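Listed here are the chains, written in short residue letters.
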Amino acid sequence: MMTLPAVLMRAVAITAPALAGAILLAAPASSTQAQASASEVLPGYWEYTTSAVGIRSTETKCVRPSEINRFFGGLSTRRWRCTYPTRVVGGGTARFEGTCTDPRGRHVNVRLGGSYQQESFRFTGGAQLARGTPYLPASITARRVAAVCPAGAEYF
């Protein structure tokens, strides 16, 4: 029989890759505040690095003006749907707290926050796999590489 810490460690090991995406690439619910953020971060060709539970990944994407709110508000994946009832953006800082759900109905509590400028942002925080467990650390660092996307660039 496995002990509770062993069960939690196994759950972390199994879900870490998907969880990293949920934490760092989660689509926020739309809100007036999200719409206002469009002028705070510029569209263009972006490079972003995510890091969670020892897993680090860097990608580049072209972000259209129509996608900048979703990109800045917490990046999205096809796998996780997130809502952020707590969403504070302004004055160069942002904070998001909410819940992400995968297609199987699994829920993860998420907290992210940090600073931003028009051409960069860095959010740190984490996700809680189960109520009462500690948040696992995570971060995302993004920078705008160019105002115009190169030919053949992948769109967000």
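Definitions and cut-offs
Residues numbered from 1 in each chain as written. Predicted model: local features only at pLDDT ≥ 70, side-chain atom pairs only at ≥ 80, totals over all residues. Heavy atoms only, no water. Helix = DSSP H or I, 4+ residues; strand = E, 2+ residues; numbered from the N terminus. Buried < 20%, exposed > 50% of the residue type's maximum accessible area, 1.4 Å probe, protein only. Contact = heavy atoms within 4.5 Å. Areas by Shrake-Rupley, 256 points an atom, 1.4 Å probe, with all protein chains shown as cover. Pairing = 2+ DSSP bridges. Core = buried A, V, L, I, M, F, W, Y, C linked by side-chain atoms within 4.5 Å. Salt bridge = Lys/Arg side-chain N within 4 Å of Asp/Glu carboxyl O. Phe/Tyr/Trp six-rings, centres within 6.5 Å; stacked < 30°, edge-to-face > 60°. pLDDT = per-residue confidence, 0-100.

**Some details on the overall build of the protein**
Regarding its fold elements, the protein presents three helices and seven strands. Starting at the N terminus and walking to the C terminus, you meet the elements of the protein as α-α-β-β-α-β-β-β-β-β. The proportion of buried residues among the 156 residues of the protein is 40%. The contacts in the protein between residues at least 6 apart in sequence include a share of 56% that link residues at least 24 apart. As presented, the protein carries roughly 8,500 Å² of accessible surface, and 55% of it is formed by carbon and sulfur atoms.

**A few points about the pairing of strand S6 (residues 120-128)**
One ladder, built from nine bridges, connects strand S5 (residues 107-117) with S6; its direction is antiparallel. Bridge pairing in S6 places Leu112 opposite Gly125. As defined by bridge partners, S6 adjoins strand S7 (residues 136-146) across eight bridges and the pair is classed as antiparallel. Bridged to Ser120 within S7 is Arg143.

**Structural notes on the nonpolar core**
In terms of nonpolar packing, the biggest core is built from 23 residues, with Trp46, Phe71, Phe72, Phe121 and Phe123 touching the most fellow members. Every element with two or more residues in this core is listed here: strand S1 (44-52), helix H3 (68-72), strand S3 (81-90), strand S4 (93-101), S5, S6 and S7. Here this core gets four residues from one element, more than from any other, and that element is S5. What Phe71 contacts, discounting residues up to four positions off in sequence, is Trp46, Tyr48, Val63, Phe121, Ala142 and Phe156.

**What to know about the side chain of Glu67**
By the element assignment, Glu67 lies in the loop between strand S2 (55-63) and H3. Leave out the neighbours within four places in its chain, and Glu67 touches Cys62 and Phe156.

**Observations regarding the side chain of Lys61**
Along the chain, Lys61 falls in strand S2. Under the relative-accessibility criterion, Lys61 is labelled buried at 10%. Leaving out residues up to four positions away in the same chain, Lys61 has contacts with Gly44, Tyr45, Trp46, Tyr48, Glu154, Tyr155 and Phe156.

**Quick notes on the pattern of salt bridges**
Taken as a whole, this structure holds seven salt bridges when the rule is applied. Residue Lys61 pairs with Glu154 through a salt bridge whose shortest N-O separation is 2.7 Å. Within this pair, whereas Lys61 is found in strand S2, its partner Glu154 is found in the segment after S7, the two being separated by 93 residues in sequence. Members of the salt-bridge network, linked through shared partners, are Glu59, Lys61 and Glu154.

**Side note on the packing of aromatic side chains**
For the structure on display, the rule yields three aromatic pairs. A ring pair is formed by Trp46 and Phe121, whose centres lie 5.7 Å apart and whose planes are at 40 degrees; its orientation type is tilted. Within this pair, whereas Trp46 is found in strand S1, its partner Phe121 is found in strand S6, the two being separated by 75 residues in sequence. For the pair Phe96 and Phe123, a centre-to-centre distance of 5.6 Å together with 75 degrees between the ring planes defines the contact as edge-to-face.

**What to know about the confidence of the model for the protein**
Averaged over all residues, the pLDDT of the protein equals 74, while 68% of them reach at least 70. Note on residues 2-38: pLDDT under 50 across the span, and 80 contacts to partners over four residues away in sequence or across chains.

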